[in-house]
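Spelled out, the chains give:
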Amino acid sequence: MRFAGLLLLTYLIGSVNFAIIILGLLGKGDPRAAFSGNAGTTNVYRQAGKGWAAVVLILDVGRAAGLAALALAFLHATWVPWIGLALVAGNRFPLFHGFSGGKGVASYLGFILPISPWGAAVSCLVWVAVHRIVRIPFIASFCMVLILGGAAIAASGAQAVPIAGTVATVLLIVFNHKENILSLWKLGDSPSSLHFSD
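Note that the structure is predicted; figures quoted are calculated from it, not measured.

A. Spatial organisation of the pattern of salt bridges. Within the structure shown, the criterion is met by two salt bridges. Between arginine 32 and aspartate 30 there is a salt bridge, with the nearest N and O atoms lying 2.7 Å from each other. With its nearest N and O atoms 3.1 Å apart, the salt bridge here joins arginine 63 to aspartate 60. Of this pair, arginine 63 and aspartate 60 both sit in helix H4 (residues 50-74), three residues apart, which is roughly one turn of that helix. Considered together, arginine 63 and aspartate 60 belong to a single accessibility category, that of buried residues.

Pasting the structure below:
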């Protein structure tokens, strides 16, 4: 019962999209209607500048870290990765914003932070390194998410239930980037138009 309640709570909290709210308050419009069409940090940066993008990123990561800490405090570690899945699902399919939100990368980064601080730190360094090489942000994001997933599995003791939750979360984030993947596959977009987003 506690697990189900925390799943629902996490989805609902994850459904609050800071990018949409902040840009709306600033009178900048809906981030889903401009540039990449994603309600995440990158579009906030394009529409409102670095400062507000940093605010959104901090809020996303902080919220996720808080929810992870809550899950660690009230649930057995076996079930914690499934709370991460609920968070990413809320971010991507937010109840309060017409089920159209971000892609879950920053949220997952924040969620793994209390679980594996070193894994989160390494994933950020890898994102920077891969982005410098390929200049395609979503590929750098995939590398980040894979490291975060590996860190989550290592922290869980490599048991079947947490592995399943982690794999489901990583696959959901990859699915959220399907348009980027198709664009790259079809060479319909230049690399510079494929943006890192959450």
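B. A look at the nonpolar core. Tyr108, Phe111, Ile112 and Leu148 are the most contacted members of the largest nonpolar core, which has 31 residues in total. For this core, the elements supplying multiple residues, two or more each, are H4, helix H5 (80-92), helix H6 (105-115), helix H7 (117-134), helix H8 (137-156) and helix H9 (160-176). With residues up to four places along the chain from it excluded, the contact list for phenylalanine 111 reads Ala64, Ala65, Leu67, Ala68, Val80, Ile83, Gly84 and Leu87. Core analysis: the next-biggest nonpolar cluster, separate from the first, contains seven residues, Ile22, Leu23, Ala53 and Val56 among them.

C. Local environment of the packing of H8 against helix H10 (residues 178-186). Packing of H8 against H10 leaves a shortest axis separation of 10 Å and a crossing angle of 125°. Taken together, H8 and H10 sit at an angle that is classed as oblique. Note that H8 runs across H10; the crossing there is left-handed. Only Asn180, Ile181 and Leu184 of H10 make contact with H8, whose side of the interface consists of Phe138, Ile139 and Phe142.

So, how was this worked out
- Residues numbered from 1 in each chain as written.
- Predicted model: local features only at pLDDT ≥ 70, side-chain atom pairs only at ≥ 80, totals over all residues.
- Heavy atoms only, no water.
- Salt bridge = Lys/Arg side-chain N within 4 Å of Asp/Glu carboxyl O.
- Helix = DSSP H or I, 4+ residues; strand = E, 2+ residues; numbered from the N terminus.
- Buried < 20%, exposed > 50% of the residue type's maximum accessible area, 1.4 Å probe, protein only.
- Core = buried A, V, L, I, M, F, W, Y, C linked by side-chain atoms within 4.5 Å.
- Contact = heavy atoms within 4.5 Å.
- Axes fitted to C-alpha atoms, helices over the stretch in contact; angles between N-to-C directions.
- Parallel < 35°, antiparallel > 145°, perpendicular 65-115°, else oblique.
- Left-handed = near helix turned anticlockwise from the far one by under 90°.

Any link to function would need more than the numbers given here.
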